[in-house]
Amino acid sequence: MWRIFAYDIHHRWTSVQRLTFHLPNQQHVVFDDGDITTHVYLLNKDLLTMFTGWMMANRRFSDGWSLTYVEYPGKFVYCSNSREWKPRQRGFSIGRLSFAHPSSGELFYMRMLLNVQRGCTSFRSIRTVNGVTYDTFQEACSAMGFLIDDKEYISTIKEVAEVASAAQLRKPFVMLLLSGSMGRPLSVWEQTWAYLSDDILYRRRHELQYPDLTISQDDLQTFCLLEIEKLLQSNGKSLRNYAGMPVPNNSLVSQFSNLMLLRELQYDTISLTREHDANVLKLNEEQRVVYDKIIDCISNKRHGFFFVYGFGGSGKTFLYRVLSARLRSEKRIVINVASSGIASLLLPGGKTTHSMFNIPVELTKDTVCRIKKDSAKAEVIRLADLIWDEAPMTNKLAFKALDRMLRDIMVSVSDRNKDLPFGGKVVVLGGDFRQVLPVIPKGRCGTVVNDKLFVDIPSDLIILVLENPVEDIVNTIYSNLVQNFCDLSFFQDRAILAPTVDNVEEINNYIVDLLPGEKKNYLSTDSICGSDVYSDVDVDWINVEFLNQIRCSGLPNHSLKLKIGVPIILLRNIDLAGGLCNGTRLV
Ligand SMILES: Nc1ncnc2c1ncn2[C@@H]1O[C@H](COP(=O)(O)OP(=O)(O)OP(=O)(O)O)[C@@H](O)[C@H]1O
């Protein structure tokens, strides 16, 4: 029988007797199948029992040995009462594997393997490829040939090392970790650590005023890993999240573990006081009422839950800025979050709700935020008050998950907090419900489009087309483009919105041709994931050329033609702490 372990409140792996009672959703579990202990991260307990049941069934019925997990429901039925799979008597059913993001680590790799491995009877057997059992799912994927070659990353780091400092090099290395781009991060680290740590000895000599200082290779690696850990932690991750990556020794990490707290307390109080004193006088009557109520609540240590509702441009963000400046100038901690990355950049020290509170993307009514009670983040949250902008954009289940987490964390401050909304914290939600489009359930074109709602655009807002519409719109919006494009604020203040990707491309090409300088063509490297070729879908037509032709919103074209000075927009959250998120505009 399985022995099941769960993370207990002291963050030790403890054996648990009954799965049902001890595994809330979104929990780490460890299975010990007699030989090798496997850490698995599963989405919820129903999926978990169904999944382990599949392996148990493979021990009983040989009929399923030729089937992958997804194919299993075709020939077997899962009985939720007895929690076991039985041979199917009639009918047919299609299986589906839940999505796993590359950043979920071992879960992601296990999911890849489940597309091809058949008749598995244990986690060990999922990790076994051609008779060799690998320690991690990632290594097994690598043996299967599913992972891309990391040579490109290694040679890029070495090449960039000729012109960039080691501190600059560590940032792209961390971005590669955060985006889950590297097939085998450990191998990239082993081959590039000397470049990534090139500044450490110099810095230590300088800090200690000891020019003859020597540092062993092991210590250099440790110091470098600590720098990487700091960058990861500012994005809510740790080296521990990357299977195989070395983790610097615990006592050293703990020196930095409260980096988040240190950062929150490091604001320049003098300039914030100045900013607050100047702006608080500008608050209008309504803003002032809200400001006074919230400050009163925080100053008197009362709990309070507010919703700041106002239409676009009515000064909500301005109010949050004044509140944040006031509280931070008094060395209080304010967590500023927004539902989207780009909205979070408008708030001082803003983060996205998902990254700050580890809210999973897939939400259910039982979802909990994965923050350990004794973690650095929990400590910051315990001391903080919260401002959440663009709240109407967020699923209510995310608020429920946050509410549960805050009650849980705040119990250590006072037992009474477990019965208070958001654990007794002062929480300010804000946003504008009018900025959320109305949803007509199962609406068809006829019910959604109402011709009576068409708006007449005043003639002074319409651009007259003389000959070429693209030329006319570009000349109107970006007048004297060639003279002005080097001025950074020029593109900051204006944008052209277009309804289709074809329009966007037409305008982009026109502008890039217009600007002086050499045009460079950047190509994406698309490839087919090895684990997909085994699926039932006829994949002959899904080849690299097909992928290269895909043009849709949210995905950059295969070929990007750029010149120096051309504005670009980021489509991924790469480094939120550094301001690089979906929607950030760069030149
Ligand atoms: N009391 C004020 N005094 C001076 N300027 C203000 C004041 N309130 C708001 N503003 C300015 O008005 C503009 C719009 O305000 P703000 O961005 O705060 O609105 P908002 O309600 O957050 O809008 P949205 O819902 O679109 O995010 C900003 O330039 C802001 O600086």
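In the block above lies the structure referred to throughout.
Residues numbered from 1 in each chain as written. Predicted model: local features only at pLDDT ≥ 70, side-chain atom pairs only at ≥ 80, totals over all residues.

Caption draft 1: A look at the overall build of the chain. Regarding its fold elements, the chain presents 26 helices and 17 strands. Expressed as a percentage of the 587 residues in the chain, the buried residues total 25%. Long-range pairs, those at least 24 residues apart, make up 64% of the contacts in the chain with a sequence separation of at least 6. (Helix = DSSP H or I, 4+ residues; strand = E, 2+ residues; numbered from the N terminus. Buried ≥ 20, exposed ≤ 12 C-beta atoms within 10 Å, placed from the backbone. Contact = placed C-beta atoms within 7 Å.)

Caption draft 2: The arrangement of the packing of helix α7 (residues 151-160) against helix α9 (residues 185-196) in detail. Relative to each other, α7 and α9 sit at 0 degrees, their axes nearing to 10 Å. In terms of orientation, α7 lies roughly parallel with respect to α9. Here α7 contributes Tyr 153, Ile 154, Ile 157 and Lys 158 to the contact with α9, which in turn contributes Val 188, Gln 191, Thr 192 and Tyr 195. A class-by-class count of the residues in the contact of α7 with α9 yields five nonpolar, two polar and one charged. (Axes fitted to C-alpha atoms, helices over the stretch in contact; angles between N-to-C directions. Parallel < 35°, antiparallel > 145°, perpendicular 65-115°, else oblique. Nonpolar A, V, L, I, M, F, W, Y, C, P; charged D, E, K, R; others polar.)

Caption draft 3: Here's a closer look at the site of the ligand. Within the structure, the ligand sits among 13 residues, and Gly 312, Gly 315, Lys 316, Thr 317 and Phe 318 are positioned closest to it. Per-element accounting of the shell around the ligand gives the leading share, three residues, to helix α16 (residues 316-329). Of the residues that constitute the shell around the ligand, the class distribution is two nonpolar, eight polar and three charged. (Near = placed C-beta within 6 Å.)

Caption draft 4: Inspection of the nonpolar core at higher detail. In terms of nonpolar packing, the biggest core is built from 39 residues, with Leu 323, Phe 357, Cys 369, Ile 387, Leu 402, Met 405 and Val 428 touching the most fellow members. Elements that contribute at least two residues to this core include exactly α15 (285-299), α16, β10 (333-338), α18 (353-357), α19 (376-383), β12 (384-389), α20 (396-410) and β13 (426-431). No other element matches α20, which puts seven residues into this core. Excluding residues within four positions of it along the chain, Cys 369 makes contact with Phe 357, Asn 358, Ile 359, Ala 401, Leu 402 and Met 405. (Core = buried A, V, L, I, M, F, W, Y, C linked by C-beta atoms within 7 Å.)

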